[in-house]
Amino acid sequence: MKWTDSLDIAIELDEAYPEIDPKYVNFVDLHNWVRSLPDFDDDPEHTGERILEAIQMAWIGERE
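In what follows, the accompanying structure is described. (Residues numbered from 1 in each chain as written. Predicted model: local features only at pLDDT ≥ 70, side-chain atom pairs only at ≥ 80, totals over all residues. Heavy atoms only, no water.)

## Brief notes about the overall build of the chain
Okay, so step 1: Regarding its fold elements, the chain presents three helices and zero strands.
Okay, so step 2: Traced from its N-terminal end to its C-terminal end, the chain shows the element sequence α-α-α.
Okay, so step 3: For 64 residues, the compact-globule formula gives about 11 Å, and the C-alpha radius of gyration of the chain, at 10 Å, lands near that figure.
Okay, so step 4: Referenced to the eigenvectors of the C-alpha coordinate spread, the extents of the chain come out at roughly 30 × 20 × 15 Å.
Okay, so step 5: Evaluated residue by residue, the chain yields a buried proportion of 33% over its 64 residues.
Okay, so step 6: Partitioning the contacts of the chain with sequence separation of at least 6, the portion at a separation of at least 24 is 75%.
Okay, so step 7: In the chain, 5 positive and 17 negative side-chain charges are present, and the distance between their average locations comes to 4 Å. (Helix = DSSP H or I, 4+ residues; strand = E, 2+ residues; numbered from the N terminus. Rg over C-alpha atoms; globule rule 2.2 N^0.38 Å. Buried < 20%, exposed > 50% of the residue type's maximum accessible area, 1.4 Å probe, protein only. Contact = heavy atoms within 4.5 Å. Lys, Arg positive; Asp, Glu negative; His and termini not counted. Charge placed at Lys NZ, Arg CZ, Asp CG, Glu CD.)

## A few points about the nonpolar core
Okay, so step 1: Ile9, Leu13, Leu30, Val34, Ile55 and Trp59 are the most contacted members of the largest nonpolar core, which has 16 residues in total.
Okay, so step 2: Of all the secondary-structure elements, those providing two or more residues to this core are helix 1 (6-16), helix 2 (27-36) and helix 3 (49-63).
Okay, so step 3: If we ignore the near neighbours within four places in the chain, the residues touching Trp59 are Ala10, Leu13, Asp14, Tyr17, Ile20, Pro22, Val25, Leu30 and Trp33. (Core = buried A, V, L, I, M, F, W, Y, C linked by side-chain atoms within 4.5 Å.)

See below:
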């Protein structure tokens, strides 16, 4: 997965962190959690606030 695979990342995060409410995740934690996903394979520094926000919104959508 790459940073731009926001829906796939959101699905994996939802499975990996079922106890976390994605509405209250800060971007530092989100960045670290994405990087720790087993299928994630992208440059850790090749992201920004917009990408992290897209991932967070997709994760919120997965929960609803």
